[in-house]
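# Survey of secondary and tertiary structure
Here is how the chains run, residue by residue.
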Amino acid sequence: MSIRVAALDHVQLAMPADREGEAEAFYCDVLGFTVLAKPEPLASRGGRWFASGTVQIHLGVEEDFRPARKAHPALRMDGFDDLVAKLEEADASWRWGEGLPGPAFGGSRRPAGAP
């Protein structure tokens, strides 16, 4: 039998309690994700699930939330210039990754509350 990973199903990230609206504003309005319905009993625990095509990001509430310093999802995006403009509007400006590979490698500082 040969075992291999066929695909990545989703990425789970932690978020603070009661900040789902801010997360939706960032993931939906800025990045273009849509909200996925969470099944019970997960829905009553808070958090949000998002999807864009086959990419899913799940946000789960962590009571003692502390933002990750290095852990992150790395997303490949179309419409890069439009994305950078939306990030600027959302006070989450793009920064280039100095000395790192890739034509547009870098990251965004998320606005307060967006996991």
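Residues numbered from 1 in each chain as written. Predicted model: local features only at pLDDT ≥ 70, side-chain atom pairs only at ≥ 80, totals over all residues. Heavy atoms only, no water.

### Some points on the layout of surface pockets
We apply this condition: Definitions used throughout: a 1 Å grid over protein atoms alone; a cavity as a set of points that fits a 1.4 Å probe which cannot get out; a pocket as an open set with protein on both sides within 12 Å along at least five of seven lines; a lining residue as one with an atom within 4 Å of a point. Grid points are joined across faces, edges and corners, and a volume is the space filled by probe spheres set on the points. When residues are sorted by character, Ala, Val, Leu, Ile, Met, Phe, Trp, Tyr, Cys and Pro go into the nonpolar class, Asp, Glu, Lys and Arg into the charged class, and all the rest, Gly among them, into the polar class.
For the second largest pocket, the calculated volume is near 300 Å³. What lines the second largest pocket is a set of 17 residues, among which F33, S52, V55, L75 and R76 lie closest to the centre. Here the lining of the second largest pocket is composed, by residue class, of ten nonpolar, four polar and three charged.

### With respect to helix α1 (residues 20–30)
Heads up, the condition is: The classification of residues rests on relative accessible area computed with a 1.4 Å probe and restricted to protein chains. Under 20% of the type maximum is buried, over 50% is exposed, and intermediate values are partly exposed. Secondary structure follows DSSP: runs of H or I at least 4 residues long count as helices, runs of E at least 2 residues long count as strands, and numbering of each begins at the N terminus. Two residues form a contact once any of their heavy atoms are found within 4.5 Å.
Turning to α1, its buried residues number three or more, namely E20, A23, F26, Y27, C28 and V30. Summarising the contacts, the buried residues of α1 are in contact with β1 (11–15), β2 (34–36), β3 (48–52), β4 (55–61) and α2 (80–89). G32 sits one or two residues past α1 and shows a positive phi near 85°.

### Side note on unusual backbone geometry
P41 follows E40 through a cis peptide bond whose omega is 5°. One can find P41 in the loop between β2 and β3. Positive phi outside glycine occurs at D18, with the angle close to 60°. Looking at the element boundaries, D18 is found in the loop between β1 and α1. Its relative accessible area of 71% is what places D18 among the exposed residues.

Purely geometric numbers; function is a separate question.
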